[in-house]
Amino acid sequence: MPGGGVADVVVDGERITAVGPGVASEVATSVDGSAMLLLPAFVDGHVHLDKVLIRDELREHDGSLTGAIDSIHERKRRYTVEDVRVRARSVIESSVQLGTTRLRSHVDVDTIGGLTPLEGVMGAAADCADIAEVQTIAFPQEGLLRDPGAYRLMEAAIEAGADVVGGMPHWEVDEPAQREHVRMCFDLAERFDRDLDMHVDETDDGGVRTLEMVADEALRRGYFGRVCAGHVCSLASAPHDYAERVIEKCVRAGISIASNPVTNLVLQGRGDRGLVRRGTTRIGELRAAGVNVLFGQDCVKDGFYPFGRGSMLEVALISAHAAHLTNGADLAFALRAVTDAPALAWRLTDYGLVAGARADLQLLPVPSWEEALRLQPLPEKVWFKGRLVAENAVESKLHRSS
Ligand SMILES: [Zn+2]
């Protein structure tokens, strides 16, 4: 078990029905997990499935966020539903093999790709409905005021089945436009009764402060516990008094923060000399204040990030380096950031290793979470809704001379 205890977990159909020592004495079939680690399957709370695996087809760029967005434009114009669907499906499948059964995917909605990315990802989600659950977030990657026509497409995306309203206010040209972008996203969310999951302040520029606009709007409208803000990099560069003020507002509004250190480590800090910023938000301060902080994969071999394979174990390890997570409580926080925290941001009510939860589970061939982080093993078994959906076996040999 995650906390180091030993217990039986009884599954009946899609649900966990009992957890505790000795509760499995009457079951018909069982899996022996002695000396192994049983975890709830990971939740990837922030990924872009429409963009995955396009890296080899893009021109080289300067490695920055802006460079990446621009480099994708040409490829995005050539997207087809089937092209997006095949790539997204491939990453959903590899994510499941690596222990993740729920993914929350941003999907570009703009006048370049129209609704093609959404249709492709929704198609992949349908293809994979037997092994994973995928939520889609309508994401105006190119802005709303900067990209006239995007707002109507956002409406169409929600009507077509996108689950969550996205946003990217810092991409607008000035503060009034950023504020208007935030207002438009909340209007849309209220009108369709959807949660919000926005890209917020993904820049080193500490003067960019749309997080406070988002928090103020959530507080004004009473949108408590229904907003997730992704990246929030500029908070690290902003003055401490601003950071303290806005973190307190995030606590009051129940805003989750999707920090994605894996990608921001390579995207941000590119203009720095000497002491190069890590690009991550104030993870320690947000954690200390009680904010729900999650770690997402964000990108898999796209214009932003050349690596990634849908491994939340890898995401947790890299994030632990980025956020100075080393002691026992820190590593428990890292586990939470790829399990309970994204589940809370998603407002899942059936998640975890508890009776009544959906039986999305993984069995890792290590005795503890700390060893899982260190050794990065493949899960031996992964279950989705109580059904075995993936198995991994690794054979490794060492040939000594005598
Ligand atoms: Zn993102």
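As the structure is a computational prediction, the values presented were derived from the model and not from experiment. (Residues numbered from 1 in each chain as written. Predicted model: local features only at pLDDT ≥ 70, side-chain atom pairs only at ≥ 80, totals over all residues. Heavy atoms only, no water.)

To continue, consider the layout of surface pockets. Space inside the largest pocket adds up to approximately 850 Å³. Along its surface, the largest pocket is lined by 29 residues, and Asp8, Val9, Val31, Gly33 and Leu38 are the ones closest to its centre. Elements that contribute at least two residues to the lining of the largest pocket include exactly β1 (8-12), β3 (37-40) and β12 (361-364). Examining the composition of the lining of the largest pocket, we find that 4 residues originate from one element, β1, more than from any other. Looking at the lining of the largest pocket residue by residue, the classes come out as 19 nonpolar, 8 polar and 2 charged. (1 Å grid on protein atoms, 1.4 Å probe; cavity = no way out; pocket = protein on both sides within 12 Å on 5 of 7 lines; lining within 4 Å. Points joined across faces, edges and corners; volume = space filled by probe spheres on them. Helix = DSSP H or I, 4+ residues; strand = E, 2+ residues; numbered from the N terminus. Nonpolar A, V, L, I, M, F, W, Y, C, P; charged D, E, K, R; others polar.)

This part is about the pairing of strand β14 (residues 387-391). The sheet contact formed by strand β13 (residues 381-384) and β14 spans 4 bridges and is antiparallel. Within β14, the residue paired with Lys381 across the bridge is Glu391. (Pairing = 2+ DSSP bridges.)

It is worth spelling out the coordination of the zinc ion at this point. Every protein donor of the zinc ion is accounted for by His46 (NE2), His48 (NE2), His199 (NE2) and Asp298 (OD), and the metal-donor separations fall at 2.1 to 2.5 Å. Every donor counted, the 4 donor atoms about the zinc ion form angles of 85 to 173 degrees at the centre, which fits irregular coordination. Mapped onto the sequence, the donors of the zinc ion take the spacing H-x1-H-x150-H-x98-D. One end of the pair, His48, is in the loop between β4 (42-47) and α1 (65-77); the other, Asp298, is in the loop between β11 (293-295) and α10 (312-322), with 250 residues separating them in the sequence. With a relative accessible area of 2%, Asp298 lands in the buried category. (Donors = N, O, S within 2.8 Å, 3.2 Å for Na, K, Ca; no water. Tetrahedral: all angles 85-135°; square planar, octahedral: opposite > 155°, others 65-115°. Buried < 20%, exposed > 50% of the residue type's maximum accessible area, 1.4 Å probe, protein only.)

Across the sheet, 4 strands lie side by side as β3-β12-β13-β14; this open sheet has antiparallel pairing. Of all the strands in the sheet, just β3 and β14 have a single pairing partner and so form its edges. Strand-to-strand twist of the sheet, defined as the mean angle between neighbouring strand axes without regard to direction, takes the value 20 degrees. In this sheet, β12 lies alongside β3 in antiparallel orientation, the contact comprising 4 bridges. By the bridge assignment, Pro40 is partnered in β12 with Leu361. (Axes fitted to C-alpha atoms, helices over the stretch in contact; angles between N-to-C directions.)

Comment: no salt bridge for buried Asp298; closest opposite-charge side chain is Lys51, at 7.5 Å. Here Asp298 is in contact with His46, Val47, His48, His231, Asn260 and Thr263, once residues within four sequence places are set aside. (Lys, Arg positive; Asp, Glu negative; His and termini not counted. Salt bridge = Lys/Arg side-chain N within 4 Å of Asp/Glu carboxyl O. Contact = heavy atoms within 4.5 Å.)

Here the focus is the nonpolar core. Core analysis: the largest hydrophobic core is formed by 102 residues, its most contacted members being Leu211, Ile255, Phe295 and Trp369. Residue contacts for Ile255: discarding those within four places in its chain leaves Val214, Ala215, Ala218, Val227, Ala229, Cys250, Val291 and Asn292. The next biggest cluster of nonpolar side chains, apart from the first, holds 10 residues, and it includes Met1, Leu38, Leu363 and Trp383. (Core = buried A, V, L, I, M, F, W, Y, C linked by side-chain atoms within 4.5 Å.)

This model, assessed by the stated rule, comprises 0 disulfides. In this model Cys228 remains outside any disulfide bridge; the closest cysteine sulfur is found in Cys250, 10 Å from its own. (Disulfide = S-S within 2.5 Å.)

With 6 of its 7 residues buried, strand β6 (residues 133-139) lies for the most part within the structure. Taking the sense of rotation as the criterion, the β-α-β connection linking strand β5 (residues 100-108), helix α3 (residues 116-127) and β6 turns out right-handed. Where β6 meets strand β7 (residues 164-165), 2 bridges bridge the pair, whose relative direction is parallel. Bridging from a neighbouring strand, Ile137 pairs with Val164 of β7. Handedness of the crossover is the feature at issue here: the chain leaves β6, passes through helix α4 (residues 150-160), returns alongside β7, and the resulting connection is right-handed. (Right-handed = clockwise from strand over helix to strand, strands pointing away.)

Before going further, it helps to spend a moment on empty space enclosed by the protein. Space left empty within the atom packing is revealed by a probe, the size of a water molecule, rolled over the atoms. Scanning all chains against the criterion turns up 1 cavity of 30 Å³ or more. Counted as a void, the largest cavity has a volume near 80 Å³. Together, 13 residues line the largest cavity, and His48, Leu65, His199, Glu202 and Phe304 are the ones closest to its centre. Classifying every residue of the lining of the largest cavity gives 6 nonpolar, 4 polar and 3 charged.

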